[in-house]
Amino acid sequence: NTAYCIRMMTEDHKKTGSYGSSTYVTVMTNLLSNKKYQEALQKEVNDLQSKYDCEGIAGNLQQKYYDEVITCLIKYEGLFEIN
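Everything in this summary refers to the structure shown in the same document. (Residues numbered from 1 in each chain as written. Predicted model: local features only at pLDDT ≥ 70, side-chain atom pairs only at ≥ 80, totals over all residues. Heavy atoms only, no water.)

### Let's talk about the pattern of salt bridges
Summed over all chains, the structure comprises five salt bridges. With its nearest N and O atoms 3.5 Å apart, the salt bridge here joins Lys14 to Glu11. When its relative accessible area of 41% is taken as the criterion, Lys14 is described as partly exposed. Here Glu11 falls in the partly exposed class, since its relative accessible area comes to 44%. Notably, a salt bridge pairs Asp53 with Lys64, separated by 2.7 Å at the nearest N-O pair. With Asp53 in the loop between α3 (37–49) and α4 (61–64) and Lys64 in helix α4, the pair connects residues that are 11 residues apart, well separated along the chain. What makes Asp53 buried here is its relative accessible area of 7%. Several salt bridges converge on common partners, so that one network encompasses Asp12, Asp53, Glu55 and Lys64. (Salt bridge = Lys/Arg side-chain N within 4 Å of Asp/Glu carboxyl O. Buried < 20%, exposed > 50% of the residue type's maximum accessible area, 1.4 Å probe, protein only. Helix = DSSP H or I, 4+ residues; strand = E, 2+ residues; numbered from the N terminus.)

Written as structure tokens, this is what we have:
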């Protein structure tokens, strides 16, 4: 399986662009279809940075899930052959 994901609390996931936003999904689909992989990954990171942690443990979701984000970025960079 080449799909990777971050295990995220449901309340945190509901805040992300990929949760139920058809506009966000359309933008991401277009980026991926046009092989703009680095831009798509940056959009995901920016989205996580802009959302607050539902538990108040970290300032934002990118900080809360830092290790998982880094792991996913490394795997996707390999998959998309991004240097």
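Let us keep going from here.
### A word on the environment of Leu61
Relative to the helices and strands, Leu61 is located in helix α4. For the pair Leu61 and Ser33, spaced 28 residues apart in the sequence, the C-alpha separation amounts to 26 Å. Each residue touching Leu61, except ones within four places of it in the same chain, is listed here: Asp12, Thr16, Leu48, Lys51, Tyr52 and Asp53. (Contact = heavy atoms within 4.5 Å.)

### What about α3?
Along an α-helix, residues three or four apart share an orientation, since each turn contains 3.6 residues. The end-to-end C-alpha distance of α3, which contains 13 residues, comes to 18 Å, matching closely the 18 Å that a straight helix rising 1.5 Å per residue would cover. Where α3 is buried, its residues meet α2 (22–33), α4 and α5 (66–79). (Expected span 1.5 Å × (residues − 1).)

Worth remembering: the numbers are spatial, not functional.
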